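# Observations on the model geometry
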Amino acid sequence: MSKLVVVVLDAYDLMPKDGQGSASPFVEVEFEEQRQSTQTKHKDLNPSWNEKLFFNVNNPSDLANKIIDVTVYNDRKVNRDHHKNFLGRVRISGVSVPSSESESSVQHYPLDKRGLFSHIKGDIALKIYAVHDGTSHHAEQVRATSTSIPENEETGYFQESQFQETPFQEINTNNFDEEKKKKKKEQEVRTFHSIGTGTGIPPPAAPPPMSAGMGFTAMKEKAPVVQTRADFAKAASPSVMHMQMPRQNPDFLLVETNPPVAARLRYRGGDKTSSTYDLVEQMHYLYVNVVKAKDLPVMDISGSLDPYVEVKLGNYKGQTKHLEKNQNPVWHQIFAFSKERVQSNLLEVIVKDKDFGKDDFVGKVVFDVLEIPLRVPPDSPLAPQWYKLADKKGDKVKGEIMLAVWMGTQADESFPEAWHSDAHNISHSNLSNTRSKVYFSPKLYYLRIHVMEAQDLVPHDKGRLPDPYVKVIVGNQIRPTKILQKTLNPVWDDQLMFVASEPFEDYIIISVEARIGPGKDEILGRAMIPVRDVPQRLETSKPPDPRWLSLLKPSVAEEEGEKRKEKFSSKILLRFFLESGYHVLDESTHFSSDLQPSSKHLRKQSIGILELGILSAKNLQPMKIKDGKMTDPYCVAKYGNKWVRTRTLLDTLSPRWNEQYTWEVHDPCTVITIGVFDNSHTNGSKDDARDQKIGKVRIRLSTLETDRVYTHYYPLLVLTPSGLKKHGELQLALRFTCTAWVNMVAQYGRPLLPKMHYVHPIPVRHIDWLRHQAMLIVAARLQRAEPPLRREVVEYMLDVDYHMWSLRRSKANFHRIMSLLSGVAAVCKWFNDICYWRNPITTCLVHVLFLILVCYPELILPTIFLYLFVIGIWNYRFRPRHPPHMDARLSQAEHAHPDELDEEFDSFPTSRPSDIVRMRYDRMRSVAGRVQTVVGDLASQGERAQAILSWRDPRATAIFIIFSLIWAVFIYITPFQVVAILFGLYWLRHPRFRSKMHSVPVNFFKRLPSKSDMLL
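Throughout, a residue's number is its position along its own chain's written sequence, starting from 1. Given that this is a predicted model, residues contribute local features only at a pLDDT of at least 70 and side-chain atom pairs are listed and counted only at 80 or more, while totals for whole chains, interfaces and linings are drawn from all residues. As a rule here, side-chain values come from all non-hydrogen atoms in the structure, and water together with hydrogens is ignored.

So, about the nonpolar core. Residues Leu612, Trp663, Ile672, Ile699 and Leu730 are the most contacted members of the largest nonpolar core, which totals 34 residues. Numbering of helices and strands runs from the N terminus, with a helix taken as a DSSP run of H or I at least four residues long and a strand as a DSSP run of E at least two residues long. Of all the elements in the fold, those that place two or more residues in this core are β30 (608-618), β31 (633-639), β33 (656-665), β34 (671-678), β35 (692-700), β36 (709-720) and β37 (723-738). The element best represented in this core is β37, accounting for 5 residues. With residues near it in sequence (within four places) discarded, Ile699 still touches Thr670, Val671, Ile672, Ile674, Leu704, Tyr714, Leu732, Leu734, Pro883 and Pro884. Only buried Ala, Val, Leu, Ile, Met, Phe, Trp, Tyr and Cys residues count toward a nonpolar core, and they belong to the same one when joined by side-chain atoms within 4.5 Å. Partly exposed residues are those whose accessible area sits between 20% and 50% of the maximum for their type, while under 20% is buried and over 50% is exposed, using a 1.4 Å probe and protein chains only. Contacts were defined at the residue level, with two residues in contact if any of their heavy atoms lie within 4.5 Å.

Here it is in structure tokens:
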């Protein structure tokens, strides 16, 4: 007899039910009126059972229609009587049960509520499979009684018994039935990828392959069972719940965390820092503010003193700059020592004299760390005080130093500018490259220049008419107009667009030139306009009037300077103005973080606040292994025009930043980008050294619930020419708070971009060029800051190469379209099943519903909208619980072909050999040929529809219009309900009244002519 085996492994994070913060859980499994229970684990919210439960399967062919009920209870033992509290349940469809143990895997199921008001949480790990013969069942029982499922102590992953006889096999997702037939003939290695369980535990290594013969040697190590999370199986239709469903690599998935931040713990009371910086863990620092000194004694024979201060705490030492020949120096420098790394109870502030040999000791001040006061913002800064210097024995000497010493956190205003003990081996010149900073992008405008016409051009060669054109230069941007043939009074009527930034320091250079040969031009005249003198246009107001400008010849200024004034000059008519009603795109509209217009007068009020806590990272890859170091990581976050940069932590693969930042939100349909980089400028590297990218994360605000704190580890994925690489995981805390609900709801009904983008749209051919110019301006401005935000960082954050051709990205977009069409195909299949009476009960219900709607047509729209409402309410329980992240499977990046990646990372124009370029061109032709065929088929169908009434086929058109007249008369004299009922009943007729041939209307349509036979 067939058996169903349910292995109850463990549960995690159960809801306490005993009133003492714990529970005594046990599991009850019910299948076909058979009920079995596990043992009770007393006072354990993370119990481990490792028990196998066996159930009889009366009809194995009907297993797919059965439900397995798994319920977790709390055992409440009262006066030797057992009572139970509900802790959660899982209902598993039999269609997802594999037919053997070799095909099964451990899956984690989130526990469901029993009712709307149940308070349930936690996961349960199960392994379910069927056994279809008595021999296997007997072996299962022997194995269950003789061995228990061992657990790996290091990783916590359950492992199968070493007596397992069948290796894992790979299932073809397209030919599942064929694979089941082939399974008896040959054994293949099956590999299951797991879906992340949210525990943050790395997945086990894949088992080594075993030989396919019957006499293979036993594995020395136990093959781990890969755990998979099964949230998807509950929401999917039965056809999607098979074990052959493709799964993403668990390394590339999101992992929810529970860091001890005040917001997660619902912190109430306590110090003010915890309530202000509640998305990060508190990190305490010992701050020392070295202000100045006075009356220092002379140490050199020459009577001079070159003083500096050394702040020493255990093994950490920080130094100020030394000031030459100064007995009353002023430093104004702050030092911050991490309290976690404090190795001494004494803080020493030592004044020394810089010398060629050994530096001379001047005096010192000693503090007891335990006596240092605690300061919490928003308290005012601690006032520095004068302290007498003492010698090494503790006796007072000449000289005083002004200091302020206090304990604080990363919320202290001195934190960004302080010298940190994390960067103790950085020189003063490179210290600024490690500090945290906030940057703002320059305000950008579109500059529109309408080149209309010119008059009285004077060519150098009087006997030849010029071929004039205009070249407009704004900063580093150059745009030419079209070239006109042989005229002295050209009319171009070209509109050119540029990007300008505040403050307006550039000039608009208008150069009228004539083409006299290939690559050879002569200048006919020039004009210059300061950008600051250009007027602005707000939204759809009337543009300013055009202006005539005089064209000056460069030779005039060169020969006679400014003394000679020409009485006659050529003229050019221009209209130029700044478009302040547009939003200047510096990033793709698909993941833009700012959609506000350039003019501050047209901007809307904020609707909320976005708070980001950059907590930590783990498992980073060593980026400086050639230099004998690890990684010097820092984070950059960009939202709107505000960029933030965390401090750089030196030589670590597990940095802990714990820095929190805030942005105003004007539109919920925007995206924040967070990137992690390796700092290559910490020890005097060359200026051309590039900061290496470690990975980035994009999060769309509209997918976040308001006032909820999201804390997750995000995988840092980078696509390289050698394939997809994971460079670590970044832990973030995120919260979106809405401050204007009415405005936020109204925002969903407004256009995404400002009004001008729709009233006067920018031509598509100009958008990418303008976006690239905007990126160059932003990168140039941020690179001039201190510390600079380098160009490679800005380019990576703004995705400058997003519009470039990529076969991988094209495949991803194709699969996105197919996934959309799969929903339409599912609806068509469902309706086809109705028409063919696959499920007679459902078909009868559809008939009844159809007749009701025909008899009462006023119920059609209410029924549709009520159906949409019910679907939305039903899907609420399956809503995403995590913010979106980079999806490697959706991006087609996990198994991308190396040549496709090499093509994607190739420069433009290409730098590859001609044979490779020829191969890629041929591949492009084959892909384009398929697209061309599909487009041609679509065009043919449309042309056939047009041919119905166009008399291209006179007999077909005559037949159609005669039938149209007959149908018009018939429908006019017949009530509409009767026509609708006849049509519906004919469409839903029983299969015995159907033919396998196409219907007459379909045959008629396919015979109509298209224009495909007219193509050459």
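What follows deals with a nonpolar patch on the surface. Patch rule: a residue counts if its relative accessible area is over 30% and it has no salt bridge; like charges are joined within 9 Å, and nonpolar side chains (Val, Leu, Ile, Met, Phe, Trp, Tyr) within 5 Å. All accessible areas in this document rest on Shrake-Rupley with a 1.4 Å probe, and a residue is counted as covered only by the protein chains that are shown. Between Lys or Arg on one side and Asp or Glu on the other, a salt bridge is scored when a side-chain nitrogen of the former is within 4 Å of a carboxyl oxygen of the latter. A cluster of nonpolar residues, Ile860, Leu861, Ile864, Phe865, Tyr867, Leu868 and Ile871, forms a patch on the protein surface that exposes about 700 Å² of accessible area. Looking at where Leu868 falls in the secondary structure, it is placed in helix α12 (residues 860-876).

Here the focus is the sheet that holds strand β23 (residues 477-480). Each strand in a sheet pairs with its neighbour through backbone hydrogen bonds, running either in the same direction (parallel) or in the opposite one (antiparallel). Taken in spatial order, the 4 strands of this open sheet run β23-β22-β25-β26, and their pairing is antiparallel. Of all strands in the sheet, those bounded by a partner on one side alone are β23 and β26 (520-530). For this sheet, the mean angle separating the axes of adjacent strands, direction not counted, is 20°. Sheet topology note: the strand β25 (residues 507-517)/β26 ladder contains 10 bridges and is antiparallel. Residue pairing for β26: Ile509 is matched across the bridge by Met528. At least two bridges found by DSSP between two strands are what make those strands a pair. In this analysis an axis means a line fitted to C-alpha atoms, helices contributing only their contacting stretch, and an angle means the value between N-to-C directions, from 0 to 180 degrees.

This paragraph deals with the confidence of the model for the protein. Taken over all residues, the pLDDT of the protein has a mean of 81, while the share at 70 or more is 84%. Values of pLDDT, which run from 0 to 100, indicate the predictor's confidence residue by residue. Within the protein, β31 carries the highest mean pLDDT (95), whereas helix α3 (residues 231-235) carries the lowest (38). Note that pLDDT drops below 50 for residues 135-246; the model gives that stretch 182 contacts with residues more than four away or on any other chain. Low pLDDT (under 50) marks residues 557-564, which in the prediction has 1 contact with non-local residues, meaning those over four places away or in another chain.

Turning next to helix α8 (residues 764-783). The span expected for a helix works out to 1.5 Å for each residue beyond the first. Between its first and last C-alpha atoms α8 spans 29 Å; for 20 residues at 1.5 Å apiece the expected length is 28 Å, and the two agree. Listed in full, the buried residues belonging to α8 are His766, Leu770, Arg771, Gln773, Ala774, Met775, Ile777, Val778, Ala779 and Leu782. As for α8, its buried residues are in contact with β20 (437-440), β21 (444-455), β23, β24 (491-501), β32 (642-645) and α9 (791-798).

Our next topic: the environment of Trp49. On the secondary structure map, Trp49 appears in strand β4 (residues 48-56). Note: C-alpha distance between Trp49 and Val7 (42 residues apart in sequence) is 9.0 Å. Contact partners of Trp49, with chain neighbours within four places excluded, come to Val8, Leu9, Asp10, Ala11, Pro25, Phe26, Val27, Thr38, Gln39 and Lys41. For the purposes of these results, a polar contact is taken to be a pair of N or O atoms within 3.5 Å, where, inside protein, one atom must be able to donate a hydrogen and its partner to accept one; residues adjacent in sequence count only when each atom of the pair is a side-chain atom. Separated by 3.5 Å, the side chains of Trp49 and Thr38 make a polar contact.

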